[in-house]
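Observations on the three-dimensional arrangement
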Amino acid sequence: MSSENVNSEERVQWVYASENNRQLEERYDQWANEYDDNLTDDFGYVMPRMAAETFARFVPKDGKVLDAGAGTGLVGVELNKLGYSDIEAMDLSRGMLEVAGAKNVYGALHQKVMGEPLGFKSGTFDAIIGVGVLTLGHAPANSLDELVRVTKPGGVVAFTLRPDVYAENGFREKQEQLVCEGKWELAEVSDSFYGMPKGEPDVQFQVWVYRVKS
């Protein structure tokens, strides 16, 4: 798909139509250089800022943070503005990570697939944030198991979810399972808000914040 003959909405639909992680990676690689302009200008993408502001109420500024599904680093930029400096980025797409790295807000870049073993030692991070990645065709609900594992006890896992995806695609069950197993406890769930008011004016999101227990 050439960026010259499609609009931003068509490009998003093209990416979300990926049939497997390899195709998803390739399509994000192709989109990487136009991603920031498409999401920020055409979609009015406010989720990185809103999620970072919520995250900051629970995580000390000196915490070691993993930006899971970092994309081009828009979340890292918002965290950096709020005073975080020990941030690492993780994403499926090498092309997206290269753009993120150029923003100079990450200490390390990791190309990894959410939903698979991440390869980090248990308890590596003080906190994890994931914005726009836990959704259909991207990171599945079982991704949360690894995010909990690599977070220190007492640390935070925060992420955005569409309410309909939460209710219908296994996230409700997985989140409740982790509570029942004593792995984490809910710290906060935000009111619903419009994360991309220009591009998807009818789609709402929430920010979920959990405290890891073990």
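Numbering of residues starts from 1 in each chain and follows the order in which that chain's sequence is written. With pLDDT at 70 or above as the cut-off, local features in this predicted model cover only qualifying residues; side-chain atom pairs require 80 or more to be listed or tallied, and sums for whole chains, interfaces and linings still use all residues. In computing side-chain values, all of the structure's heavy atoms are included and hydrogens and water are not.

**Some thoughts on the nonpolar core**
- Of all hydrophobic cores here, the largest spans 34 residues; its most connected members are Phe55, Leu79, Tyr84 and Ile129.
- Helix and strand definitions here come from DSSP, where helices need a minimum of 4 consecutive H or I residues and strands a minimum of 2 consecutive E residues; each element is numbered from the N-terminal end. Those elements that place two or more of their residues in this core are helix H2 (21–43), helix H3 (47–56), helix H4 (74–81), strand S2 (87–91), helix H5 (94–101), strand S4 (125–130), strand S5 (151–161) and strand S8 (204–212).
- The biggest single contributor to this core is H3, with five residues.
- Contact definition: two residues touch when any of their heavy atoms are within 4.5 Å. Beyond its immediate stretch of four places on either side in the chain, isoleucine 129 contacts Ala51, Ala52, Phe55, Val65, Leu66, Asp67, Ala68, Val75, Leu79 and Ala158.
- Here, nonpolar core means buried Ala, Val, Leu, Ile, Met, Phe, Trp, Tyr and Cys residues that are tied together by side-chain atoms lying within 4.5 Å of each other. Any residue under 20% of the maximum accessible area for its type is buried, any over 50% is exposed, and the rest in between are partly exposed; the area is computed with a 1.4 Å probe on protein chains only. The next biggest cluster of nonpolar side chains, apart from the first, holds 27 residues, and it includes Phe120, Val133, Ala139 and Leu147.

**Focus: the environment of alanine 127**
- The topology assignment puts alanine 127 in strand S4.
- Accessibility expressed as a relative area gives 0% for alanine 127, which makes it buried.
- On a C-alpha basis, the gap between alanine 127 and alanine 158 in space is 7.9 Å, while along the polypeptide they are 31 residues apart.
- Not counting the four nearest positions on each side in its chain, alanine 127 is found in contact with Phe55, Val59, Lys64, Val65, Leu66 and Val156.

**Let's talk about the confidence of the model for the protein**
- Each residue carries a pLDDT score, the predictor's own confidence in it, on a scale running from 0 to 100. Considering every residue of the protein, the mean pLDDT works out to 88; 86% of them sit at 70 or more.
- Note on residues 1–5: pLDDT under 50 across the span, and nine contacts to partners over four residues away in sequence or across chains.

**Focus: unusual backbone geometry**
- The phi dihedral of asparagine 104 is positive, around 60°, even though this residue is not glycine.
- Secondary-structure assignment places asparagine 104 in the loop between H5 and strand S3 (108–111).

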